[in-house]
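The chain contents come next:
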Amino acid sequence: MEEKTKPQASSLPRPLRMFYGVGEFGQQLSVLTLNLYLLYFYTNVLGISGKAAGILMLVARIWDAINDPMMGMIIDNTHSRHGKCRPYLLYCAVPAGLFLFLTFFAPNLSNTGKLAWAYVTYIGQGMLYTATGISYTSLMSRISDRPMDRVALNQSRAFISMFAAIAISSLTLKLIEGVGGGNEKLGFAVIVGVYGALQAICYLTVFRLTKGHDRPEPKTPRTEAGKGGGAGEMLQSFVYILKNPLWRWLALGTMLYYTSAAITQGIVVYYVKFYLEKPALTGLATMCSMVSSFFAIVLLQVFAKKLGKARSCAMGMTIAVCCLLVRLVTRDSIFPLYLGCLLVSGFGVGLFSSLLIPSLMDSIDYGEWLFGKRNDALVMSANSFGNKLGSGVGAALLGFMLDAVGYDETLAVQSAAVKSGLFNTAIFVPLTVFSIVFCLMLMYRRYEKKLPEVRAALAEKRAAVKAGE
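Fair warning: this is a prediction, and the values are worked out from it, not measured in the lab.

Student: Outline the nonpolar core, listing residues and values.
Tutor: In terms of nonpolar packing, the biggest core is built from 93 residues, with Y20, Y271, Y338, F352, M380, F434 and M441 touching the most fellow members. Take this core: its biggest share by element is 15 residues, from helix α14 (residues 335-371). The residues touching Y20, leaving out its near neighbours within four places in the chain, are P15, Y136, T137, L139, M140, I143, L153, S156, R157, V206, L209 and T210. Grouped together as the second largest cluster of nonpolar side chains are 26 residues, L32, A118, Y122 and F188 included.

Next up, the structure:
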């Protein structure tokens, strides 16, 4: 029996608006645990070399370039009684949690066996994360066409993401030590096993909450390019998003932002320790850059309603640029002012990043209006890959920059040239990127003005199709 779909004009149920972000907690259980602890687990618990682990992560990123858009196109071409996205939350939730556990499980194998185990479990976990993560994110654009509904859903995600980041980063190692009693192999297995079970529950909860909201769509007639089969149809979908000008502007901004974020986040420990020479205050600096985003999330709907998403994003970038200019003039010689700039710029960056996904969803509507085909998951897969690639490129560029300025990890005090290089990297990289992204948001504003007309045309078209069934 097919699930009934709620009319698009109706407001979303309160439980859905408030608890949609539970799925984000499931995502963060995977993302943060991998980002913070996987390399340590591989080298110190599983027993493979750092070089082998690095090659594995590079191979996984190359596979992401194929897997992410492929999964997006598969989801977009799915037709089931549960909709397009929800089936993958239902059927992949438990396997995703299981593979997260297996990735942090250390069997007694030979060195070659351990490496093979790492490849299979890490890449398998990544593929299942892609299936569930893209489905979960894409679901927002299918739940409602109303921009403020999408902002509300993403607000729920942002809140839970922030609290998940604080909880997972601060508690995981303590839990592993407590449960393992000094046996890290046991500690990782038990705690990440619990994380895997919680992740599955989170995805299944979202599946339940969104019942009746992943609207079914009739199969669209195949174009000439798509008549050759599924591959041709998927290729045509990919061509459509590349031809979508709004998507191109937003995708470029997304890539630049994630690349810059990887550099600015990664350099903090070096910057505070060696440039400011206050290593004991590294945690405080990191907290100041994060905590003010809470207020941006609280006020997200207010800004989106009053200014629109494009101007709110541009304002966020303007705030961050002004703070960087203050730091450039003072050269962070006044530590309380440095912390104040981190707090204020964190608000601006938080405002931008929290509206990024709802903004990308506008390009889904615009693409459907242009080409008559909706590609929710493919657009979100491009965002997923942009996040992964941008983070990887940013981390690599930071490494190259440290080498270029002569950073020597054996020295407790770095040379003046290294300190100058750290300052220039910490200021001019985000200053350049944020200035470019500000201009891209002005371009986005031109299209945002057209979107009410676009959505009205799409609603009229859908009503006509439904009346003809």
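Student: Give a description of the environment of Q199 that names residues and reports values.
Tutor: Relative to the helices and strands, Q199 resides in helix α7 (residues 184-209). A C-alpha to C-alpha distance of 19 Å links Q199 and M140, two positions 59 residues apart in sequence. Among the polar contacts listed, one links the side chain of Q199 to the backbone nitrogen of G97, at a separation of 3.5 Å.

Student: Mind laying out the pattern of salt bridges, listing which residues take part and the relevant values?
Tutor: In this structure the tally under the stated criterion is 13 salt bridges. A salt bridge links K309 to D362; its shortest N-O distance comes to 3.1 Å. A residue pair is termed long-range when its members are at least 10 positions apart, and K309 in helix α13 (residues 309-330) and D362 in helix α14 qualify at 53 residues. Both residues of the pair, K309 and D362, count as buried. Here D332 ties to R327 by a salt bridge, and the two come within 3.0 Å at their closest N and O atoms. Each member of the pair, D332 as well as R327, carries the same accessibility label: buried. Ionic contacts of the salt-bridge type, sharing partners, join the residues R142, R150, K309, D362, D365, E368, R374, D376 and R455 into one network.

Student: Can you explain a nonpolar patch on the surface? Please cite residues and give values.
Tutor: Among the surface-exposed residues, V179, L186, V190, V194, L198 and I201 lie close enough to one another that they form a single nonpolar patch of about 450 Å² accessible area. For the nonpolar patch, the element with the highest residue contribution is α7, accounting for five residues. If you trace the backbone, V190 turns up in helix α7. For V190, a relative accessible area of 35% translates into the label partly exposed.

The rules we used
Residues numbered from 1 in each chain as written. Predicted model: local features only at pLDDT ≥ 70, side-chain atom pairs only at ≥ 80, totals over all residues. Heavy atoms only, no water. Core = buried A, V, L, I, M, F, W, Y, C linked by side-chain atoms within 4.5 Å. Buried < 20%, exposed > 50% of the residue type's maximum accessible area, 1.4 Å probe, protein only. Helix = DSSP H or I, 4+ residues; strand = E, 2+ residues; numbered from the N terminus. Contact = heavy atoms within 4.5 Å. Polar contact = N/O pair within 3.5 Å; in protein donor to acceptor, adjacent residues only side chain to side chain. Salt bridge = Lys/Arg side-chain N within 4 Å of Asp/Glu carboxyl O. Patch = residues over 30% accessible without salt bridge, like charges linked within 9 Å, V, L, I, M, F, W, Y side chains within 5 Å. Areas by Shrake-Rupley, 256 points an atom, 1.4 Å probe, with all protein chains shown as cover.

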